[in-house]
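Each chain is listed here by its residues.
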Amino acid sequence: MTDKIYDVPAEWAKRAFLDDRAYQAKYEASLRDPEAFWADEGKRIEWFEPYSVVKNTSFAPGNVSIKWFEDGVTNVAWNCIDRHLPTRADQVAIIWEGDDPSEQRHITYQELHDEVCRFANVLRNRNVEKGDRVTIYMPMIPEAAFAMLACARLGAVHSVVFGGFSPDSLASRISDCSSKVVITADEGLRGGRKVPLKANVDAAIAKLTDIEVDHVVVVRRTGGTVNMEPGRDVWYHEAAELVTRHCPAAHVNAEHPLFILYTSGSTGLPKGVLHTTGGYLVYAAMTHQYVFDYHEGDIYWCTADVGWVTGHSYIVYGPLANGATTLMFEGVPNYPTNSRFWEVIDKHKVNIFYTAPTAIRALMQGGDAPVKKTSRASLRLLGSVGEPINPEAWEWYHRVIGDERCPIVDTWWQTETGGILISPLPGATALKPGSATRPFFGIIPEVVDAEGKPLDGPAEGNLVIADSWPGQMRTVYGDHERFMQTYFSTYPGKYFTGDGCRRDADGYYWITGRVDDVINVSGHRMGTAEVESALVAHPKVSEAAVVGYPHTIKGQGIYAYVTLMSGIEPTEELRKELVIWVRQEIGPIASPDLLQFAPGLPKTRSGKIMRRILRKIAEDEFGNLGDTSTLADPAVVDDLISHRQNKK
Ligand code: WT7
């Protein structure tokens, strides 16, 4: 099979920072002498005190330790704001586009400075100090970015929790990092529908048993009525009136924690992925510059939510560190109509557009007409992130959205990696639809077999990264043992990504998806164990097993097999009730798409659930179940097959 190849357009080769030869040379330099390479790149941000040590990292079993620029002193908010003021005080930093097309805001770097300082002062007045954790549960409004940067300014550690998570999920995240302060809004607004954020915060706090939240700062967004707890809750706009627009940026060490972001794994509760200051910012800024070929004056739009790492690195920190204009969108792709993304691009003359395959596939279903009635003439580059992009969606994105003019950067990375690790560079890399192509500077990907042996040349196996890079997570908050266990024990001495991968004869990487019990639903990561424990928490459920299956829009859908307590009748009502239950326990992104009542689950004689078989049945591949000789009761499988749920 030959892959279709799209060469670098001539004008791109000319204008881009790097062409193919420059990429090759820089990549080789980054591996030949990482110390010298990163010593140089570290200078792309400003330091209050310079670093003398660049890289001090070890992936050694039982002794994983990752430090970059460790004796440098800096501040992320200073670098994203103050540093730019002499040259770009009046340049727009953030364009905000509201859920309703009539609403927008333009925030200059000077205004960003003033807003962030005010926000920081409001937090300071509530005793937020260097190192304190602050939970942010916000809609996509500029105040979400102000709050993040305000924390960074004080050296406080933010934990942004996606606004779609339930009160339960929020409570466990507040409690895990013991946040004494929560920042939220009255309500969010998405696709014309209100999201009761403050009410969810109240419900979450009511569930906390181990810690007390001292302050809830509430930003007014919709003006909807909310309960305000005297002594605990404060309106942001009232508190902000009492403070000045000046607040010194704390001097923090390069390895001072910047943020925690919770992400699902294959076992247990979500892990608090911890990122620190210096290396993270250098890496976010550098990847934003080269992968998106960001030039002065470009209007850049990433459609992610700030509740995910993509929003952290490529809406807020990377772009602002580069003095860019970054667009923040409150709404959804199909409100008021399917043309919304393209209308926003025309309205704000967006040059660089970064979104997720699931959004592309959903819009593709609406046909070309909603796209073709817009101009999109400002677009120069398209990006994709979150899951493998199927070649059909890639082609549509390229042909219909980009009018065959715009390269697509398919960027592979993870919450843990802090920034993009494998991606084309638009002026340097010939594209193959569906491939994330080649490694970024300093990244050493390896394809390994089940024993961990690195495979040469074209090969398929598991993806590991052989050495550290500055944007890498440093630990699981409060649990370094779990960090080492999760990422460095499968293939000792190497970072295990959890992804399967193929490398072709041109050295291009093709990510094939997760190889652990994590599923990727619409570009969002969901641990099957988490959905299972939500299901078994229901009084009528005795056992549950959850797997992924191919879903035309979401990439993967959630398929749940549920065994009921004896004597409980499996009814349609109960099926609906269980789906709603999971939504309430975790959040809408965890709702099972299909739920099958299973009188028994396929188990080995030692009682282990054979997920491989459940996956095959969910994928409709039951003609090919593989080895079933270890099944304790083969009849269980026939029952599951005959009652499998229909995919539309
Ligand atoms: C997992 C990480 C980091 C951005 C958002 C997701 C999958 C991500 C790609 C891509 C194929 C991709 C991987 C990865 N993934 N980008 N371009 N091609 N797969 O972050 O929630 O931490 O999930 O998303 O499976 O491990 P995340």
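For clarity, every value in this text was computed on a predicted model and none was experimentally measured. (Residues numbered from 1 in each chain as written. Predicted model: local features only at pLDDT ≥ 70, side-chain atom pairs only at ≥ 80, totals over all residues.)

Quick notes on the overall build of the protein chain
No. 1: Broken down by element type, the protein chain carries 21 helices and 30 strands.
No. 2: Counting only C-alpha atoms and orienting by the principal axes, one finds that the protein chain spans roughly 75 × 65 × 55 Å.
No. 3: The buried share of the protein chain, reckoned over its 648 residues, is 54%.
No. 4: Within the protein chain, contacts between residues separated by at least 24 positions form 69% of all contacts whose residues are at least 6 apart in sequence. (Helix = DSSP H or I, 4+ residues; strand = E, 2+ residues; numbered from the N terminus. Buried ≥ 20, exposed ≤ 12 C-beta atoms within 10 Å, placed from the backbone. Contact = placed C-beta atoms within 7 Å.)

Thoughts on the UniProt feature "domain: AMP-binding enzyme C-terminal" (unreviewed entry) in the protein chain
No. 1: Here the UniProt-annotated "domain: AMP-binding enzyme C-terminal" (unreviewed entry) positions come out as residues 530-608.
No. 2: Counting secondary structure, residues 530-608 comes out at 27% helix and 32% strand; the distance between its end C-alpha atoms is 18 Å. (UniProt positions renumbered as here; feature names shortened; annotations may be inferred.)

Topic: the sheet that holds strand S25 (residues 509-514)
No. 1: If you walk across this open sheet you meet the 4 strands as S21-S22-S24-S25, and the pairing is antiparallel. Edge strands, defined here as strands with exactly one partner in the open sheet, are strand S21 (445-448) and S25. Strand-to-strand twist of the sheet, defined as the mean angle between neighbouring strand axes without regard to direction, takes the value 45°.
No. 2: As judged from the 5 bridges shared by strand S24 (residues 495-503) and S25, these two strands associate in the antiparallel manner. By the bridge assignment, Gly500 is partnered in S25 with Gly513. (Pairing = 2+ DSSP bridges. Axes fitted to C-alpha atoms, helices over the stretch in contact; angles between N-to-C directions.)

Focus on the sheet that holds strand S20 (residues 408-411)
One key point about sheets: their strands pair by backbone hydrogen bonds, in either a parallel or an antiparallel sense.
No. 1: Pairing is mixed in the open sheet, where 7 strands are placed in the order S5-S4-S17-S16-S18-S19-S20. The open sheet has two free edges, formed respectively by strand S5 (104-108) and S20, since each of these has just one partner strand. When the angles between neighbouring strand axes are averaged without regard to direction, this sheet yields 20°.
No. 2: Pairing of strand S19 (residues 381-385) with S20, which is carried by 4 bridges, proceeds in the parallel orientation. Paired with Leu382 across the bridge in S20 is Ile408.

Describing the domain arrangement of the protein chain
No. 1: Split by domain assignment, the protein chain resolves into domain 1 (12-435 + 447-502) and domain 2 (522-643).
No. 2: On a C-alpha basis, the centres of domain 1 and domain 2 stand 33 Å from each other.
No. 3: Opposite the 18 residues of domain 1 that make contact, domain 2 presents 17 residues.
No. 4: Sorting the residues of the side of domain 1 that touches domain 2 by element identifies helix H8 (167-176) and helix H14 (357-364) as the ones contributing at least two each.
No. 5: In terms of residue count, H14 provides more of the side of domain 1 that touches domain 2 than any other element does, 4 residues in total. (Domains from an automatic or database assignment.)

Quick notes on the packing of H14 against helix H16 (residues 391-401)
No. 1: With their axes 10 Å apart at the nearest point, H14 and H16 run at an angle of 75° to one another. Relative to H16, the element H14 lies roughly perpendicular. When H14 is examined against H16, the residues Pro357, Ile360, Arg361 and Met364 are found in contact with a partner set consisting of Ala393, Trp396 and Tyr397.
No. 2: Here the residues of the contact of H14 with H16 sort into 6 nonpolar, no polar and 1 charged. (Parallel < 35°, antiparallel > 145°, perpendicular 65-115°, else oblique. Nonpolar A, V, L, I, M, F, W, Y, C, P; charged D, E, K, R; others polar.)

A few points about the pairing of S5
No. 1: Of the strand pairs in this sheet, strand S4 (residues 92-97) and S5 are connected by 5 bridges, and their pairing is antiparallel. Bridging from a neighbouring strand, Glu97 pairs with Gln104 of S5.
No. 2: Linking S4 to S5, which pair antiparallel, is a turn of 6 residues.

Details of unusual backbone geometry
No. 1: The linkage connecting Tyr335 with the following residue, Pro336, adopts the cis geometry, with an omega of -10°.
No. 2: Here Pro336 shows up in the loop between strand S17 (325-329) and helix H13 (340-348).
No. 3: With a phi close to 55°, Phe69 is a non-glycine residue in the positive phi region.
No. 4: Counting through the fold element by element, Phe69 comes out in the loop between strand S2 (65-68) and strand S3 (73-74).
No. 5: Residue Phe69 is classed as buried on the basis of its 29 C-beta neighbours within 10 Å.

Focus: the UniProt feature "domain: Acetyl-coenzyme A synthetase N-terminal" (unreviewed entry) in the protein chain
No. 1: The UniProt entry lists residues 23-80 under the feature "domain: Acetyl-coenzyme A synthetase N-terminal" (unreviewed entry), expressed in the numbering used here.
No. 2: Structurally, residues 23-80 is divided into 40% helix and 17% strand, and its ends, taken at the C-alpha atoms, are 27 Å apart.

Some details on helix H17 (residues 480-488)
No. 1: What H17 keeps buried is the set Phe483, Met484, Thr486, Tyr487 and Phe488.
No. 2: Buried residues along H17 sit in contact with strand S23 (475-476) and S24.

Here we look at the pairing of S17
No. 1: Counting buried positions over the 5 residues of S17 gives 5, a clear majority of the element.
No. 2: The side-chain alternation of S17 yields two buried faces, one formed by Thr325, Leu327 and Phe329 and the other by Thr326 and Met328.
No. 3: Both S4 and S17 contribute to a ladder of 4 bridges, which runs parallel. When the sheet's bridge partners are listed, Ile95 is paired in S17 with Leu327.
No. 4: Where strand S16 (residues 299-302) meets S17, 3 bridges bridge the pair, whose relative direction is parallel. Directly across from Trp301, in S17, lies its bridge partner Leu327.
No. 5: Once the chain exits S16 it traverses helix H12 (residues 309-321) before rejoining the sheet at S17, and the crossover so formed is right-handed. (Right-handed = clockwise from strand over helix to strand, strands pointing away.)

Considerations on the packing of H8 against helix H9 (residues 197-207)
No. 1: H9 packs onto H8 with a crossing angle of 55° between their chain directions and a minimal axis gap of 8 Å. Judged by the inter-axis angle, H8 sits oblique to H9. Where H8 crosses over H9, the two elements pack in a sense that is right-handed. Contacts between H8 and H9 pair Pro167, Asp168, Leu170, Ala171 and Ile174 from the former with Asn200, Val201, Ala203, Ala204 and Lys207 from the latter. (Left-handed = near helix turned anticlockwise from the far one by under 90°.)

Side note on the environment of Asp305
No. 1: Turning to its location among the elements, Asp305 is positioned in the loop between S16 and H12.
No. 2: Separated by 219 residues in the primary sequence, Asp305 and Pro86 have C-alpha atoms spaced 30 Å apart.
No. 3: Residues in contact with Asp305, not counting those within four places in the same chain, are Met140, Phe162 and Gly311.

Side note on helix H2 (residues 20-32)
No. 1: When the terminal C-alpha atoms of H2 are compared, their 18 Å separation across 13 residues agrees well with the 18 Å that a helix rising 1.5 Å per residue should span.
No. 2: Along H2, the residues that are buried comprise Tyr23, Tyr27 and Ser30. Axial view of H2: buried residues confined to an arc of 60°, hence all on one face. Of the exposed residues in H2, the ones pointing more than 90 degrees away from its buried face are Arg21, Ala25, Glu28 and Arg32.
No. 3: Against the buried residues of H2 lie helix H3 (34-41). (Expected span 1.5 Å × (residues − 1). Arc of directions from axis to C-beta.)

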